[in-house]
Amino acid sequence: MLHRELKRRHFLQGLGAGAVAASLSGCTQTPVNKGFERPFSRNPMVAPRISANNIITEIVGHRPYRAEGFVVRSEPFGDKILVHNYGHGGGGVTLSWGSSALAVSEVKNAEMSNAKGKKAAIVGGGVMGLTTARLLQEAGWSVTIYTREMARHTTSQVAGGEWGPFSVHDPLVSSAAFKLQLQLAAQISHETFARMVGDDYAIKWIELYTASNTPPKADSPFSQFYPYRDTYGPGDHPFPTNYCTVSATMLVETATFLRRLIQDVRAAGGEFVIRDFKDQDEIHALQEPVVFNCTGLGSRALFGDEGITPAKGQLILLPPDPAVDFLTVGGGSGKGPLYMFSRNDYMILGGTFKPGDWSKQLEPQETERILTESQAFFAGLPKS
Ligand SMILES: Cc1cc2nc3c(=O)[nH]c(=O)nc-3n(C[C@H](O)[C@H](O)[C@H](O)COP(=O)(O)OP(=O)(O)OC[C@H]3O[C@@H](n4cnc5c(N)ncnc54)[C@H](O)[C@@H]3O)c2cc1C
């Protein structure tokens, strides 16, 4: 109790009464930020520079979403073994190492794969295909990745890169067994990413501010992955929402991360073959005795999974700003998810989450909404 009260005072002292009043009324900037007790950074918090003039580019991607959750499963495939590893929705980067570890464990001890030599075909060269390839190589397999597109042109490249196992399934639809699988994949992935933090894989720890108007749930199944984690109530934080949970997470700069994984696969003898498979027969004709399906949304057409659907996302990319050393999630009108990820390559503003929307077009009204809501969200912070 005392701890919380001291923190509250720090927060208020740091912002100054004017800033708090401004944040409550939704009015604009009031400088002064000294003494604000941030969990990791010692820098004052400053508002990102957000304007339409600042936009470098915008991108659209389709999250491979399954309400029932992602599929990791092995099955006979004629005289081969087929292992599925697809359908990770808005958390595929987050879950990559963990989900791929579960997929690889399906065949690690399989008699058949040992008898025929440890040779695997991986279909799909996004984050799932690449992490599956690396884990197989580390277990002594030789791999070939067959893919329609290299990672730079995939959904994996579009991802904002926040480590967070969210927007992955519909908890009202998914089974208890899936929820356990998700927990396990998240655990393995978290440990793996945490061991890889650093510039070479472009992974860093960063403060995360999660804003909401209703009190955050106390029983999140993922709270153990978030250090510090404390919630500030109305008036005790600089954002125009009732609540703000302060924590930290990892941020994966997907472009660099994927590039590095490709280098690692190649350095360990892996090969890439550009192929666009029309059906399962073409895949079955591959020479390898074990096949991993890492085609994401492509699994709908290739394997007839009607449960997978695109969840369209639109992102705005602004110039990077090292002064903004934090992420925010939440706030806005609720018409779409609002977030800001400050990376070294870009500052990313999101976004949208539109299940069933296959269109690839940018939507100008969404750009306008994201910009306007983001400007309002940061109006209580001083400008740099
Ligand atoms: C806007 C947006 C923001 C996101 N933000 C985050 C985030 O912050 N954190 C997070 O964890 N996740 C995030 N995601 C989700 C993440 O991007 C996906 O879950 C993840 O990229 C899925 O990886 P994947 O390898 O399964 O699929 P993909 O990256 O789509 O790769 C699929 C591969 O399969 C190949 N393929 C498909 N069909 C065929 C075929 N017929 N023949 C041959 N090859 C084929 C493709 O060419 C591609 O190489 C975001 C996604 C979007 C769109």
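Now for a quick tour of the structure. The model shown is predicted, which means the values in this text are computed figures rather than measured ones. (Residues numbered from 1 in each chain as written. Predicted model: local features only at pLDDT ≥ 70, side-chain atom pairs only at ≥ 80, totals over all residues. Heavy atoms only, no water.)

1. A word on the overall build of the protein
Okay, step 1: For the protein, the helix and strand inventory stands at 10 helices and 15 strands.
Okay, step 2: Here the protein holds 384 residues, and 54% of them are scored as buried.
Okay, step 3: The long-range fraction of contacts in the protein, counting pairs at least 24 apart against all pairs at least 6 apart in sequence, stands at 76%.
Okay, step 4: Working note: accessible area of the protein is about 16,900 Å², and carbon and sulfur atoms make up 53% of it. (Helix = DSSP H or I, 4+ residues; strand = E, 2+ residues; numbered from the N terminus. Buried < 20%, exposed > 50% of the residue type's maximum accessible area, 1.4 Å probe, protein only. Contact = heavy atoms within 4.5 Å. Areas by Shrake-Rupley, 256 points an atom, 1.4 Å probe, with all protein chains shown as cover.)

2. Structural notes on the site of the ligand
Okay, step 1: As a structural note, the neighbourhood of the ligand is formed by 39 residues, with Gly89, Thr94, Thr147, Glu149 and Ser156 the closest of them.
Okay, step 2: Between the ligand and Arg148 there is a distance of 3.0 Å, counted from a nitrogen atom to a backbone nitrogen or oxygen.
Okay, step 3: Interatomic distance of 3.1 Å between a backbone N/O atom of Gly160 and a nitrogen atom of the ligand.
Okay, step 4: Of all elements in the fold, only strand S1 (57-66), helix H2 (92-105), helix H4 (127-138), helix H5 (155-158), strand S11 (308-318) and strand S13 (339-342) reach the threshold of two or more residues within the shell around the ligand.
Okay, step 5: Per-element accounting of the shell around the ligand gives the leading share, four residues, to S1.
Okay, step 6: Class assignment of the residues belonging to the shell around the ligand gives a composition of 12 nonpolar, 21 polar and six charged. (Near = heavy atom within 4 Å. Polar contact = N/O pair within 3.5 Å; in protein donor to acceptor, adjacent residues only side chain to side chain. Nonpolar A, V, L, I, M, F, W, Y, C, P; charged D, E, K, R; others polar.)

3. Here we look at the side chain of Thr144
Okay, step 1: For Thr144, the position within the fold is in strand S5 (residues 142-147).
Okay, step 2: Looking at Thr144, the relative accessible area reads 14%, which means it is buried.
Okay, step 3: Among residues more than four places away in sequence, those in contact with Thr144 are Ala120, Ala121, Ile122, Glu271, Val273 and Glu288.

4. Brief notes about unusual backbone geometry
Okay, step 1: Omega for the bond connecting Gly350 with Gly351 falls within 30 degrees of zero, at -5°, which places this linkage in the cis form.
Okay, step 2: A positive phi angle, close to 55°, is found at Ser167, a residue other than glycine.
Okay, step 3: Here Ser167 lies in the loop between H5 and helix H6 (176-195).

5. Some remarks on the sheet that holds strand S9 (residues 271-274)
Okay, step 1: Reading across the sheet, the six strands line up as S2-S3-S10-S4-S5-S9 and stay open at both edges, with mixed pairing between neighbours. Sheet topology places strand S2 (71-77) and S9 at the edges, where each strand pairs with a single neighbour. When the angles between neighbouring strand axes are averaged without regard to direction, this sheet yields 20°.
Okay, step 2: The pairing of strand S4 (residues 119-123) with strand S10 (residues 290-293) spans four bridges and is parallel. Bridge assignment links Ile122 to a residue of S10, and that residue is Phe292.
Okay, step 3: Docked against the sheet, H2 engages S2, strand S3 (80-86) and S10, running at close to 165° with respect to S3. (Pairing = 2+ DSSP bridges. Axes fitted to C-alpha atoms, helices over the stretch in contact; angles between N-to-C directions.)

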